[in-house]
Amino acid sequence: MEIKEFIEHFAEQFDDTELSEFTPETVFHNLEEYSSLIALSIIAMVDEEYGVALNANDMSSSVTIEDLFKIVKTKIND
Amino acid sequence: MINYNPFSLQDKTILITGAAGGIGRATSIECSKLGAKLILTDINEEGLKKTLELLDNNDSHCYYLANLTQDNDIDSLVAQIDKLDGMVSNAGVTKPMPVKFINKYDFDRILSVNTLAPVFLTQRLLKNKKFQKGASIVFTVSIGGVFTTAFGNAMYGASKGALQVFMKNVALESASQSIRCNSVNPGMINTGLLKPGTYSEEDRQKDIQTYPMKRYGEPREVALGVVYLLSDASSFVTGHALIIDGGKTLF
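From a predicted model like this one, the values you see are computed outputs, not experimental measurements.

## Details of the overall build of chain B
Secondary structure summary: chain B contains seven helices and seven strands in total. Going from the N terminus to the C terminus, chain B shows its helices and strands as β-α-β-α-β-α-β-α-β-α-β-α-α-β. The C-alpha atoms of chain B give 17 Å as radius of gyration, which agrees with the globular expectation for 251 residues (18 Å, within 12%). Along the first, second and third principal axes, the C-alpha atoms of chain B reach 45 × 45 × 35 Å. Expressed as a percentage of its 251 residues, the buried residues of chain B come to 44%. Counting contacts in chain B only where the partners sit at least 6 residues apart, residues at least 24 apart contribute 73% of the total.

Written as structure tokens, this is what we have:
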């Protein structure tokens, strides 16, 4: 799993945020469009694409997109 | 002033399922008269061709033969669509049976057509971001199952009740994108939904008496409700069930 591909999938869950806003360092909770619905969409996307079940704590403890990527990566290897 | 028409659908691209007859055909005709560009779909090609012949601006519309209970057909339909300003989901079937006699085979078929097909068509269109901002989704639900209960209507009613709940969830989750989702909920309409002979003429007359307006509706009377929900006239209306039933639910 590459972070570039993860970020693409992550960005697809948003409708109005510019693609250039999404980098490994993006603090996604601060994105204006981020909402509880988008959080649910990201959890569902990770389940669909990577077969990994994230929980609410994984989402809230991740500050950047890369933090979340690392959690997903760890769970894939578990 | 003479050209003032808040219900105009000029240049809106609208997908209509179940367009080969009944409410789907009537909706297609009204939408074409108001300037929409239509993508019609159904499993019945003859019916689709006939509908196409009845439309205004004949050459700005197209049709796709599709069985929307099949995932492959949904995917290829969605792949051919660029952007939509509206969708009307009409396809529906029924088979009246008392609860004691319902069976999985018939219930599966009714749920597949009435519920799962519109649910997954909507899901794919939303996931692939086919709806433009300001787009409007309209499900033809029914008063049956949602607002009324009738003998033999358990399977149909349950399928439409599920679609009604789905409509509200689509409305909620799409609102931030200015995509609206509503339903029309007709009473009995003179269409081919019920096979001739399902009810006796006597039963039919008795049923008509339960309508305060003492008649069943015509497809066009539902189509014009759909037009309202598709048009910018209803731009602040979402999650709404528009009952079109000649007063049936007043009782």
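## Here's the deal with the overall build of chain A
What chain A contains, in helices and strands, is four helices and zero strands. Reading chain A from its N end, one meets helices and strands in the order α-α-α-α. Over its C-alpha trace chain A gives a radius of gyration of 11 Å, about what one expects of a compact globule, namely 12 Å for 78 residues. Projecting the C-alpha coordinates of chain A onto the three principal axes gives extents of approximately 35 × 25 × 20 Å. Here the analysis covers contacts within chain A between residues at least 6 apart in sequence; of these, 57% occur between residues at least 24 apart.

## Some words on the confidence of the model for chain A
The predicted model of chain A has a mean per-residue pLDDT of 94, with 100% of residues at 70 or higher. In the model of chain A, helix α3 (residues 56-61) of chain A stands out as the element of lowest mean pLDDT, 90, in contrast to helix α1 (residues 3-12) of chain A, which has the highest, 96.

## Regarding the nonpolar core
Ile14, Leu38, Leu40, Val138, Val222, Val226 and Leu230 of chain B are the most contacted members of the largest nonpolar core, which has 58 residues in total. Leaving out residues up to four positions away in the same chain, Val138 of chain B has contacts with Val88, Asn182, Ser183, Val184, Val226, Leu229 and Leu230 of chain B. If you look at the next biggest cluster of nonpolar residues, it comprises nine residues, including Phe28, Val46, Leu54 and Phe69 of chain A.

## Some words on the packing of helix α1 (residues 22-33) of chain B against helix α7 (residues 219-230) of chain B
Residues and elements named next belong to chain B. The N-to-C vectors of α1 and α7 enclose an angle of 55 degrees; their axes lie 8 Å apart at closest approach. Classified by the angle their axes make, α1 and α7 are oblique. Pair α1 / α7 crosses with right-handed handedness. When α1 is examined against α7, the residues Gly22, Ile23, Arg25, Ala26, Thr27, Glu30 and Cys31 are found in contact with a partner set consisting of Pro219, Arg220, Val222, Ala223, Leu224, Val226, Val227 and Leu230.

## What to know about the pairing of strand β6 (residues 180-186) of chain B
Every regular strand shows the same layout, with side chains that alternate between the two sheet faces. Burial runs high along β6 of chain B: seven of the seven residues are buried. Neither face of β6 of chain B is open: one carries Arg180, Asn182, Val184 and Pro186 of chain B, the other Cys181, Ser183 and Asn185 of chain B, and all of them are buried.

## Comments concerning the environment of Lys95 of chain B
If you trace the backbone, Lys95 of chain B turns up in the loop between β4 (84-89) and α4 (104-127). For Lys95 of chain B, the contacting residues outside a window of four places in its chain are Asp106, Ile110 and Met155 of chain B.

## Quick look at the sheet that holds strand β1 (residues 13-17) of chain B
All names here are of chain B. As summarised here, the arrangement of the seven strands in space is β3-β2-β1-β4-β5-β6-β7, forming an open sheet in which the pairing is parallel. Each having just a single partner strand, β3 (62-65) and β7 (241-244) make up the two edges of the open sheet. Direction aside, the axes of adjacent strands within the sheet are offset by 15 degrees on average. Sheet analysis places β6 next to β7, joined by four bridges and oriented parallel. The residue of β7 that forms the bridge with Asn185 is Ile243. Lying on the sheet, α1 is in contact with β1, β2 (37-42), β4 and β5 (131-140); it crosses β1 at an angle near 165 degrees. Together, β1, β4, β5, β6 and β7 form the strand contacts of α7, whose direction differs from that of β6 by roughly 165 degrees.

## Structural notes on the environment of Leu37 of chain A
Position of Leu37 of chain A relative to the elements: it lies in helix α2 (residues 36-50). When the C-alpha atoms of Leu37 of chain A and Gln13 of chain A are compared, they prove to be 9.5 Å apart, with 24 residues separating the residues in sequence.

Rules behind the numbers
Residues numbered from 1 in each chain as written. Chains lettered and ligands numbered in written order. Predicted model: local features only at pLDDT ≥ 70, side-chain atom pairs only at ≥ 80, totals over all residues. Helix = DSSP H or I, 4+ residues; strand = E, 2+ residues; numbered from the N terminus. Rg over C-alpha atoms; globule rule 2.2 N^0.38 Å. Buried ≥ 20, exposed ≤ 12 C-beta atoms within 10 Å, placed from the backbone. Contact = placed C-beta atoms within 7 Å. pLDDT = per-residue confidence, 0-100. Core = buried A, V, L, I, M, F, W, Y, C linked by C-beta atoms within 7 Å. Axes fitted to C-alpha atoms, helices over the stretch in contact; angles between N-to-C directions. Parallel < 35°, antiparallel > 145°, perpendicular 65-115°, else oblique. Left-handed = near helix turned anticlockwise from the far one by under 90°. Pairing = 2+ DSSP bridges.

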